[in-house]
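These are the residues of each chain, in order.
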Amino acid sequence: AQALAWLRDGPWAGYARHGHGLLAVEPRAGGAPMGICGLLLREGLPAPDLGLALLPQHQGRGYAHEAASAVLGHARGVLGIGRVLAIVAPGNVRSVALMRRLGLEDAGTVRLPGQSAALLLFQTPGP
């Protein structure tokens, strides 16, 4: 019941409102999902942001880069979204490195509503 409520109020609602949301990250050959990746519209951010989470056993194997690259390409090429943001906890060295490998630029820090910690903010390069 909790999982269904999360899907209904989260990813499914995002697709209904904005035409995008989170997607399952799965192996090409099929099998159990490895995580999620997609575009979110979070309160406190002026543009959609890249959301990404992989199960620990799938981290560090290139899946995050592949999934995030596909989402960014879809955002720009299919959805026509020119600016995509990403937020990362300051201590998450691997995610910071991933954002830079994806070509996202440092854009300062941000505090989301209701959160006390500042997050690193990244954005796709300007036109």
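Please read these numbers as outputs of a predicted model, since none were measured by experiment.

A.B. asks: Got a minute to help me understand the overall build of the protein chain in this structure?
C.D. replies: Each helix and strand counted, the protein chain has four helices and six strands in total. For the protein chain, the sequential pattern of α-helices and β-strands runs α-α-β-β-β-α-β-α-β-β. By the compact-globule yardstick of 14 Å for 127 residues, the protein chain fits well, its C-alpha radius of gyration being 14 Å. With the principal axes as the frame, the protein chain shows a C-alpha extent of 40 × 30 × 30 Å.

A.B. asks: Whenever I open this one, the pairing of strand E2 (residues 35-40) confuses me. Can you help?
C.D. replies: Both faces of the sheet carry side chains from a regular strand, because those side chains alternate between them. Inspection of the sheet shows strand E1 (residues 22-25) paired to E2 by four bridges, in the antiparallel sense. Looking at the pairing, Ala 24 lines up with Ile 36 of E2.

A.B. asks: What should I look at first to understand the pattern of salt bridges in this one?
C.D. replies: Pairing of side chains with opposite charge becomes possible as their charged atoms draw close. Taken as a whole and assessed by the stated rule, the structure comprises four salt bridges. Between Arg 42 and Asp 49 there is a salt bridge, with the nearest N and O atoms lying 2.8 Å from each other. The salt bridge involving Arg 100 is made with Asp 106; its shortest N-O contact spans 3.2 Å.

A.B. asks: How should I be thinking about the nonpolar core in this particular structure?
C.D. replies: For soluble globular proteins, the rule of thumb is that nonpolar side chains tend to be buried together. In terms of nonpolar packing, the biggest core is built from 22 residues, with Cys 37, Leu 50, Val 84, Met 99, Leu 102, Leu 104 and Phe 122 touching the most fellow members. Among the elements of the structure, E2, strand E3 (49-54), helix H3 (63-77), strand E4 (85-88) and helix H4 (93-101) are those that each provide at least two residues to this core. The element contributing the most residues to this core is H3, with six residues. Apart from the residues lying within four places of it in its own chain, the contact partners of Met 99 are Leu 50, Ala 86, Val 88, Leu 104 and Phe 122.

A.B. asks: Where do I start with the packing of helix H1 (residues 2-9) against helix H2 (residues 11-18) in this structure?
C.D. replies: Two quantities define a packed helix pair, namely the angle between the helix axes and the distance between the axes. Remark: H1 packs on H2, axes separated minimally by 3 Å, with the N-to-C direction vectors making an angle of 15°. Between H1 and H2, the angle falls in the class roughly parallel. For the pair formed by H1 and H2, the contact residues are Leu 4, Trp 6, Leu 7, Arg 8 and Asp 9 on the first element and Pro 11, Trp 12 and Ala 13 on the second. For the contact of H1 with H2, a count of residues per class yields six nonpolar, no polar and two charged.

A.B. asks: Looking at this model, I keep getting lost on the side chain of Thr 124. Mind explaining?
C.D. replies: Within the secondary structure, Thr 124 sits in the segment after strand E6 (119-123). What makes Thr 124 buried here is its relative accessible area of 10%. Among all residues touching Thr 124, those that are not within four sequence positions of it are Leu 72, Arg 76, Gly 82, Arg 83, Val 84, Leu 104 and Glu 105.

A.B. asks: Looking at this structure, how should I read the environment of Arg 17?
C.D. replies: Note that Arg 17 resides in helix H2. Arg 17 gets classed as exposed once you look at its relative accessible area, which sits at 59%. Put simply, Arg 17 and Ala 53 are 36 residues apart on the chain and 22 Å apart in space, counted from C-alpha to C-alpha.

A.B. asks: Would you explain H4 in this entry?
C.D. replies: Note that an α-helix has 3.6 residues per turn; residues three or four places apart therefore point the same way. Buried within H4 we find Val 96, Leu 98 and Met 99. Buried residues of H4 fall within an arc of 160° about the axis and therefore sit on the same side. Exposed residues on H4 whose side chains face more than 90 degrees from its buried face are Val 93, Arg 94 and Arg 101. Buried residues belonging to H4 abut E3, H3, E4 and E6. Downstream of H4 by a residue or two, Gly 103 has a phi angle that is positive, lying close to 90°.

The rules behind these values
- Residues numbered from 1 in each chain as written.
- Predicted model: local features only at pLDDT ≥ 70, side-chain atom pairs only at ≥ 80, totals over all residues.
- Heavy atoms only, no water.
- Helix = DSSP H or I, 4+ residues; strand = E, 2+ residues; numbered from the N terminus.
- Rg over C-alpha atoms; globule rule 2.2 N^0.38 Å.
- Pairing = 2+ DSSP bridges.
- Salt bridge = Lys/Arg side-chain N within 4 Å of Asp/Glu carboxyl O.
- Core = buried A, V, L, I, M, F, W, Y, C linked by side-chain atoms within 4.5 Å.
- Buried < 20%, exposed > 50% of the residue type's maximum accessible area, 1.4 Å probe, protein only.
- Contact = heavy atoms within 4.5 Å.
- Axes fitted to C-alpha atoms, helices over the stretch in contact; angles between N-to-C directions.
- Parallel < 35°, antiparallel > 145°, perpendicular 65-115°, else oblique.
- Nonpolar A, V, L, I, M, F, W, Y, C, P; charged D, E, K, R; others polar.
- Arc of directions from axis to C-beta.

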